[in-house]
Amino acid sequence: MAPYDLFALGAAACWALGSVMSVTPSRHLGAFAFTRWRMLMVAVMLWTVVVAAGKWQSFDGHAWGLMALSGLVGIFLGDTALFSAINRLGPRRAGVLFATHAAFSAALGMLVLGERMSAQAFAGAVLTLGGVMCAMLLGRHKDETHAWEADRGDVRTGVMLALVAALCQALGSLIAKPVMATQFDPVLASALRVTVATLAQFALLAAGFKAARAQNPPTVRVLLQTGLNGLVAMGIGMTLVLWALEKGDVGMVAILSSVSPILVLPLLWFKFKRAPALGAWVGSALTVLGTALILWR
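Residues numbered from 1 in each chain as written. Predicted model: local features only at pLDDT ≥ 70, side-chain atom pairs only at ≥ 80, totals over all residues. Heavy atoms only, no water.

A.B. asks: Sorry if this is basic, but what is going on with the overall build of the chain here?
C.D. replies: Scanning the chain from terminus to terminus reveals 12 helices and 0 strands. Dimensions of the chain along its principal axes, counting C-alpha atoms only, are 50 × 50 × 30 Å. The proportion of buried residues among the 297 residues of the chain is 54%. Sequence-distant contacts in the chain: of pairs separated by 6 or more residues, those separated by 24 or more amount to 92%. (Helix = DSSP H or I, 4+ residues; strand = E, 2+ residues; numbered from the N terminus. Buried < 20%, exposed > 50% of the residue type's maximum accessible area, 1.4 Å probe, protein only. Contact = heavy atoms within 4.5 Å.)

Listed below in structure tokens is the structure:
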């Protein structure tokens, strides 16, 4: 088991927690305003660490440019599309579709970077992705009607947005991989990616893009929830992924980090005091088996 595998799984845990934590503030502010506030707060957090540690002094124009492009695609486009999908479909169903980023990443890694999987790793990848899909598709009780399962807006639009988010996530990792392979500092990389995405969000707002406006005025509680979400999912989770990309293949890192929808299930169980449906248990078992095959490949 390699350390970068654990970093990818740690990122999955952060994203699972962030997905659940995002529902209330994202629906209050709207996808664009939520991601804008979230990114701004995370950018401040990350640059504080970068400046305090003197990491900004290691300037490399080419690396900085690639990380900026990665942030524009993976965070600005990807996160905005993902939270727009979550607002329409809820975290469970949006998570099913977003998990396809692992398949996109594996395909792009093989086509662009020449990455290859052993037979055991491939079997583990198939079981992991199959388990995630099974758990999320069949993990809902028929009588569940809480807000996290309700449709809001056009379902087809939500599906399209979730798939766009998955593709953007894969492309963002693909762009970042060559830079991270040079041992580029992951905290600085995260700061660069988030800053570019934040500037793009504010540019949309300044240009008068209607959807970029907040649906409701931010409250102190909503801003605290947004900041905590950003710290966990972006500040920690995204940095762990970049750390994993230093040594790990794009496809393997994506597959291991794609188990986040499985980790959402116990969080929903804790919140609503109801165990997941049978399909969720079957899918989770397949995911655990697949992940074990990958970790001990």
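A.B. asks: Teacher, can you tell me more about the side chain of Thr 100 here?
C.D. replies: Here Thr 100 shows up in the loop between helix H4 (91-98) and helix H5 (101-113). Judged by its relative accessible area of 18%, Thr 100 is buried. In contact with Thr 100, other than residues within four places in its own chain, are Met 133, Leu 163 and Ala 166.

A.B. asks: Hey, could you run me through helix H2 (residues 31-53) in this one?
C.D. replies: One turn of the α-helix equals 3.6 residues, which is why residues spaced by three or four share an orientation. Given a rise of 1.5 Å per residue, 23 residues ought to cover 33 Å, and the 33 Å separating the end C-alpha atoms of H2 matches this to within 8%. Among all positions of H2, only Ala 31, Phe 32, Ala 33, Phe 34, Thr 35, Arg 36, Arg 38, Met 39, Val 42, Ala 43, Leu 46 and Val 50 are buried. Along its buried surface, H2 packs onto helix H1 (3-29), helix H3 (61-89), helix H8 (186-206) and helix H9 (220-247). Phi for Gly 54, located one or two positions after H2, is positive at around 70°. (Expected span 1.5 Å × (residues − 1).)

A.B. asks: Can you help me understand the packing of H2 against H3 in this one?
C.D. replies: The description of two helices packed together rests on the angle between their axes and the distance between the axes. Remark: H2 packs on H3, axes separated minimally by 9 Å, with the N-to-C direction vectors making an angle of 140°. Between H2 and H3, the angle is such that the two are oblique. H2 and H3 meet at a crossing whose hand is right-handed. Contact with H2, carried on its side by Ala 31, Phe 32, Phe 34, Thr 35, Arg 38, Met 39 and Trp 47, involves Trp 64, Ile 75, Phe 76, Asp 79, Thr 80, Phe 83, Ser 84 and Asn 87 of H3 and no other residues of that element. Tallied by class, the residues present in the contact of H2 with H3 amount to 9 nonpolar, 4 polar and 2 charged. (Axes fitted to C-alpha atoms, helices over the stretch in contact; angles between N-to-C directions. Parallel < 35°, antiparallel > 145°, perpendicular 65-115°, else oblique. Left-handed = near helix turned anticlockwise from the far one by under 90°. Nonpolar A, V, L, I, M, F, W, Y, C, P; charged D, E, K, R; others polar.)

A.B. asks: Can you walk me through H9 in this structure?
C.D. replies: Counted at 1.5 Å a residue, the expected span for H9 with its 28 residues is 40 Å, and the 40 Å between its end C-alpha atoms agrees. The axis of H9 is deflected most strongly, by about 30°, at Leu 231. (Bend = angle between axes of the 7 residues up to and from the residue.)

A.B. asks: How should the packing of H1 against helix H11 (residues 260-272) be read in this particular structure?
C.D. replies: Here H1 crosses H11 at 55°, and the two axes come no closer than 8 Å. Relative to H11, the element H1 lies oblique. As for the relative orientation of H1 and H11, their crossing is right-handed in sense. On H11, the residues that touch Ala 12, Ala 13, Trp 15, Ala 16, Leu 17, Ser 19 and Val 20 of H1 are Ser 260, Leu 263, Val 264 and Leu 267. When grouped by side-chain class, the residues that make up the contact of H1 with H11 number 9 nonpolar, 2 polar and no charged.

A.B. asks: What is the right way to look at the packing of aromatic side chains in this model?
C.D. replies: Each aromatic ring pair is summarised here by two numbers: the centre-to-centre distance and the angle between the ring planes. Using the criterion set out here, one finds 3 aromatic pairs in the structure. Relative to Trp 64, the ring of Trp 47 has its centre 6.5 Å away and its plane inclined at 50°; by these criteria the two rings are tilted. Of this pair, Trp 47 sits in helix H2 while Trp 64 sits in helix H3, and the two are 17 residues apart along the sequence. Under the relative-accessibility criterion, Trp 64 is labelled buried at 19%. The residue whose ring lies beneath Arg 36 is Phe 202, and the NZ or CZ to ring-centre distance is 5.9 Å. (Phe/Tyr/Trp six-rings, centres within 6.5 Å; stacked < 30°, edge-to-face > 60°. Lys NZ or Arg CZ within 6 Å of the ring centre and 35° of its normal.)

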